[in-house]
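Descriptive analysis of the structure
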Amino acid sequence: MTNLILIVGKPMSGKSSSASTWEKPILFFDFDGNSSSIFNLKNSKGELVAGEVDKIEVINCIPKVSNSILNFKTILKGNTIPSYAPAAVEVINRVGIILNEVISGQRKCNTIIFDSITAMFSLWKDMILVNNSQPSLQQQDYGTLSHILFKQFLPMLRNLPTKYVILIDHTEIVKDEKTNIVEEFPIAPSKPMGRIFAKEFMNVWLQLRGVGGATKWMTEPYGFFEYAGSRTGIPNGIEANFKNVEPYFKSTRKEEVPPVVINK
């Protein structure tokens, strides 16, 4: 079973660059257009942070959408699909084809990165609009998205013939107006899914950028991010680089890893 890792944090906190330090070869699904930075970012010694960039294959997952015409029409009824939605079909189908190539052994890699699943979830929603020929998501569509996420996508990732799968995500902050309690959790297709999403991972790390640009992974509960906790004993506040966490994965035997429970 592959090591499934969730890295969350604010934009520009260095999540993509940190993930690119993982074991090569890497298959990098770029949904945000951030991949160019990993080929140029250097440390204080002038070395590429990502290391062997020639062993990183980037898959461009940004839909090609024509934005030359602005449509201000409000669709109240009917089954008119938003103009941007069909562009998601080609991208999601391509991702599926490539993952099938990994499963069949046609593509070899040690690490797969999805950057970011925040953007990927938006494409999933567009796919539902296209498949159902509807202008907006309905309540029952979120049940479909939940089934895809927890019963199909995550189980598939856990069984890929690769060592590591890294999902990069942003966080959502919600404040209860009555109690003033603030919740922070990973972004998922919906807020209820986001509140339980982190429980699906053996490792959930909150990435922070400190003084001087240094990045670190918070592997224990930090702030309001309830589930930022590592179950493989990785120290809290460790420098965000694969070489620093690799020994903990090598020392973790399968029988010591608690089973992953898929939420219903």
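Residues numbered from 1 in each chain as written. Predicted model: local features only at pLDDT ≥ 70, side-chain atom pairs only at ≥ 80, totals over all residues. Heavy atoms only, no water.

1. Notes on the side chain of threonine 171
Formally: Helical segments are the DSSP runs of H or I of at least four residues, strand segments are the runs of E of at least two, and each set is numbered from the N terminus. Think of a polar contact as two N or O atoms within 3.5 Å of one another; within protein, one of them needs to be a possible hydrogen donor and the other a possible acceptor, and neighboring residues in sequence only count if both atoms come from side chains. Throughout, a contact is declared for two residues whenever any of their heavy atoms are within 4.5 Å.
Its location among the elements puts threonine 171 in strand β6 (residues 171–175). Here glutamate 184 takes part through its side chain, which lies 3.0 Å from a polar atom of the side chain of threonine 171. Non-local contacts of threonine 171, meaning those with residues more than four positions away in its chain, are made with Val8, Gly9, Glu184, Phe185, Pro186, Ile187 and Phe225.

2. As for the packing of aromatic side chains
What counts is decided by this rule: Note on aromatic contacts: the rings of Phe and Tyr and the six-membered ring of Trp form a pair at centre separations within 6.5 Å, being stacked when their planes are under 30 degrees apart, edge-to-face when over 60 apart, and tilted otherwise. Relative accessible area decides the class of each residue, using a 1.4 Å probe on protein chains only: under 20% of the type maximum gives buried, over 50% gives exposed, and in between gives partly exposed.
Under the criterion given, the structure shown has 15 aromatic pairs. Plain terms: the ring middles of phenylalanine 29 and phenylalanine 114 are 5.0 Å apart, the flat faces sit at 15 degrees to each other, and that makes the pair stacked. Taken together, the positions of phenylalanine 29 in strand β2 (residues 26–30) and phenylalanine 114 in strand β4 (residues 111–115) put the pair 85 residues apart, joining distant regions of the chain. Judged by relative accessible area, phenylalanine 29 falls into the buried class, the value being 0%. With relative accessibility at 0%, the residue phenylalanine 114 sits in the buried group. Summarising the aromatic geometry, the rings of tryptophan 205 and tryptophan 217 are spaced 4.8 Å apart at their centres and angled 35 degrees between planes, so their arrangement reads as tilted. Of this pair, tryptophan 205 sits in strand β8 (residues 203–209) while tryptophan 217 is found in strand β9 (residues 215–218), placing the two residues 12 residues apart along the sequence. Among the residues examined, tryptophan 205 registers a relative accessible area of 0% and is labelled buried. For tryptophan 217, a relative accessible area of 0% corresponds to the buried category.

3. Considering the nonpolar core
The condition is simple: Buried Ala, Val, Leu, Ile, Met, Phe, Trp, Tyr and Cys residues that are joined via side-chain atoms within 4.5 Å together make up what is termed a nonpolar core.
Core analysis: the largest hydrophobic core is formed by 44 residues, its most contacted members being Phe29, Ile112, Phe114, Leu154, Leu167 and Phe197. Excluding residues within four positions of it along the chain, leucine 154 makes contact with Leu4, Leu149, Leu167, Phe197, Glu200 and Phe201.

4. Notes on the pairing of strand β1 (residues 3–8)
A regular strand carries its side chains on alternate faces of the sheet. To keep things clear, this is the line we draw: Strand pairing is assigned whenever DSSP detects at least two bridges linking the two strands.
Of all the 6 residues making up β1, 5 are buried; the element is thus mostly covered by neighbouring parts of the structure. Direction of pairing for β1 relative to strand β5 (residues 164–169): parallel, over a ladder of 6 bridges. Following the sheet pairing, isoleucine 5 is matched in β5 by isoleucine 166. Of the pairings in the sheet, the one linking β1 to β8 comprises 4 bridges and is parallel in character. Looking across to β8, one finds that isoleucine 7 is bridged to tryptophan 205.

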